[in-house]
Amino acid sequence: MTGVLRRRACIALVAALGFSLPAATAARADTVTAAAAGSASGRPMTPGFVGVSFEYRALNQYTGRSPLAIDPVLLRLVAGLAPGQSPVIRVGGNSTDGSWWPERGVVPPGGIYYPITRGWLRTTQALAKDLNAKLILGINLAAGRPTIAAAEGRALLSGIGRRYIQALEIGNEPDLYGVFPWYTDRRGHTHRARGRGYDMAAYTKQFTQWSRVLPNLPLAGPAISGPAWMGGLRHLMAAEPRLKLVTYHRYPLRACTTDPSATAYPSISNLLADNSSAGLAAPLAAYARTVHARRLPFRVGEMNSASCEGAKGVSDTFASALWALDTMFNFAAVGVDGVNFHMLPGSNYELFTISQTSSGAWQAFVRPEYYGLMMFAQAFPPGARLLRVSTSPAPVKVWATTGTDGTERITLINQDTLSAHNVSVSVPGAGTIGSVETLQAPNVSSTDDVTIGGQSFGSATTTGTLPAAPSMQPVAPAAGSYTVSLPAGSAALLTIPPAPAPAPASGGGGSGL
């Protein structure tokens, strides 16, 4: 095999595996052109757009069990995704339908395994209070007993308080109740929460039953896993006036999928494909319009890179940071009002792994995906709106926003794992010096050594904050354009402050005396 053929074979193998070549062997950077429009489009960014989602049974592993000393590292990491805002935290997932508030004399169905305690309530209230957070709390639907749901709702209200509860979410992925077993009994018999004929109409009927017994709090739903039931969304909203938040779940990949040829197979190349970002978001545009027509918010209440707790070597890599950054823009562009990234201890898609030292001090290893969400939070602050962007055909994604103060922020995402690209962005009226913050790792398969603006949380953070402010490199416009160099598999945020107001004209004469 000749040297040229050997190099081509190597590049083909690396591309197939989803890895990036070292900089020395990367192709020479070309120039991609992009132009940001001068007028904004879409809805203003809502506060708390990026939130987290925890399981009932796992929440105390992140917070600790003392309401007087909530894990300070957790507090700062959650706040870092919604700087200066009230974070939106969803508590639910599969444990929604495995949890209950124990009552004397009541024997729960076999699928219930996690009792909510007064200690859990005090700790959760302290978490919400410390963050001034809004909570979306799952209510058991699978058990099929309104009395269990009512007791749970009353306990959540009295133990946490109305101030911190955004909504009670009835059930978790009820569209799968008739598909997957709810639990297996001691004799080995499997039990489903509902029969195979359970559908959106049946869920809507039960939603109304549950709403009649739950405390007077806003309700959320249907918390379904896919589009099959969404045709009945209008009927659900019309039938239930207490529904104040429409929730939906989305994962682009499935870690349970074993066929490498499947589009849902968990690989880096599939995660970085447009189908996992723009393709994931596109169908949500119609749902968002339907929900907004009823003047309700539409939130993706559970989301991450791959279902089945993520895939090792994919969900925990730097590729997930680039995917998350691009996907959040795509969701915002189609009208989604917020997203909660699901995580639980030991999963491959955790945003951060919390632990305690032998002395009891809290620490966290921050995963690559968190860095991508950090950059999104900076690039799209509350009140900002998207700017239309046109680009030349290239594997570089370009997003632009304009803030309430006139600051424009251009996010550049190079999903090309082999080649660097220069991006020349033209901005109407460009005249001020901009600044560039980079998001990088050794390659897209890296699980550590991620930096944002040259800063990193390192192997363990005991503060939950970066050791120093991210560094920003100045960039001056030339002929109305800013040029930014993007290494293979990296991202950058170009921030352009508004031009200073012209100084007032000086007076023309003397004092008049």
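What you are looking at is a predicted structure, and each value in this text was computed from that prediction instead of being measured.

Q: Honestly, the side chain of S99 in this entry has me stumped. Any pointers?
A: With respect to the helices, strands and loops of the structure, S99 is situated in strand β4 (residues 99–100). Among the polar contacts listed, one links the side chain of S99 to the backbone oxygen of S95, at a separation of 2.6 Å. Sequence-distant contacts of S99, defined by excluding residues within four places in its chain, comprise Y56, I112, Y114, I116, N140 and E152.

Q: Before we go on, may I ask you to explain the confidence of the model for the protein in this structure?
A: Interpretation of the predicted coordinates at a detailed level should be avoided for regions scoring low in pLDDT. Overall, the prediction assigns the protein a mean pLDDT of 92, with 92% of residues at 70 or greater. Note on residues 1–27: pLDDT under 50 across the span, and 27 contacts to partners over four residues away in sequence or across chains. Confidence drops under a pLDDT of 50 for residues 508–513, and excluding neighbours within four residues, the segment shows 0 contacts in the predicted structure.

Q: Help me out: how do you make sense of helix α3 (residues 72–79) in this one?
A: Each full turn of the α-helix corresponds to 3.6 residues, which orients residues three or four apart in the same direction. Buried within α3 we find V73, L74, L75, L77 and V78. Between a side-chain oxygen at the N-terminus of α3 and the backbone nitrogen of V73 the separation is 2.9 Å; the capping residue is D71.

Q: Quick question: what am I supposed to make of the nonpolar core here?
A: Soluble globular proteins: nonpolar side chains tend toward being buried together. Ranked by size, the top nonpolar core spans 120 residues in total, and within it I89, W120, F298, M328, F331 and F352 carry the most contacts. Tallying contributions element by element places helix α11 (residues 318–333) first for this core, with 11 residues. Apart from the residues within four sequence positions on either side, W120 is in contact with Y56, L59, N60, V91, Y114, L156 and I160. Counting residues in each nonpolar core, the second largest holds 20 residues, with A34, L387, V436 and L494 among its members.

Q: Please clarify how the sheet that holds strand β11 (residues 243–250) should be interpreted in this entry.
A: Adjacent strands of a sheet form backbone hydrogen bonds with each other and so pair up, either parallel or antiparallel. On the basis of which strands lie adjacent, the closed barrel formed by 8 strands has the order β2-β3-β6-β7-β10-β11-β13-β15 and parallel pairing. Sheet twist, expressed as the mean angle between neighbouring strand axes with direction ignored, is 25°. Looking at chain direction, strand β2 (residues 50–55) and strand β15 (residues 339–342) are connected through 4 bridges and run parallel. Bridge pairing in β15 links G51 to N340.

Q: When you look at the pairing of strand β10 (residues 219–224) in this model, what are you seeing that I'm missing?
A: Note on strand geometry: in a regular strand, side chains alternate between the two faces of the sheet. Burial analysis of β10 places 6 of its 6 residues in the buried class, the great majority of the element. In this fold, the crossover linking β10 to β11 by way of helix α7 (residues 233–239) has right-handed handedness.

Q: I keep staring at helix α12 (residues 368–379) and nothing clicks. Help me out?
A: For α12, with 12 residues, the first-to-last C-alpha span of 17 Å sits near the 16 Å given by 1.5 Å per residue. Burial within α12 is extensive, with 11 of its 12 residues counted as buried. Three or more residues of α12 are buried, namely P368, E369, Y370, Y371, G372, L373, M374, M375, F376, A377 and A379.

Q: How should I be thinking about the pairing of strand β3 (residues 88–92) in this particular structure?
A: Counted residue by residue, β3 has 5 buried out of 5 residues, so it is predominantly covered. Because side chains alternate across β3, one face comprises the buried residues V88, R90 and G92, and the other comprises I89 and V91, equally buried. Pairing geometry for β2 and β3, over 4 bridges, is parallel. Along β3, the bridge assignment pairs F54 with V91. Relative to strand β6 (residues 134–139), β3 runs parallel, the two being bridged by 4 bridges. Across the sheet, R90 pairs through a bridge with I136, a residue of β6.

Q: Teacher, can you tell me more about the environment of G434 here?
A: Of note, G434 is situated in strand β22 (residues 434–440). By relative accessible area, G434 is classed as buried at 2%. Sequence separation between G434 and T495 is 61 residues, and the spatial gap between their C-alpha atoms is 5.5 Å. Excluding residues that lie within four positions of it along the chain, G434 makes contacts with Q473, P474, V475, Y482, L494, T495, I496 and P497.

Thresholds applied
Residues numbered from 1 in each chain as written. Predicted model: local features only at pLDDT ≥ 70, side-chain atom pairs only at ≥ 80, totals over all residues. Heavy atoms only, no water. Helix = DSSP H or I, 4+ residues; strand = E, 2+ residues; numbered from the N terminus. Polar contact = N/O pair within 3.5 Å; in protein donor to acceptor, adjacent residues only side chain to side chain. Contact = heavy atoms within 4.5 Å. pLDDT = per-residue confidence, 0-100. Buried < 20%, exposed > 50% of the residue type's maximum accessible area, 1.4 Å probe, protein only. Core = buried A, V, L, I, M, F, W, Y, C linked by side-chain atoms within 4.5 Å. Pairing = 2+ DSSP bridges. Axes fitted to C-alpha atoms, helices over the stretch in contact; angles between N-to-C directions. Right-handed = clockwise from strand over helix to strand, strands pointing away. Expected span 1.5 Å × (residues − 1).

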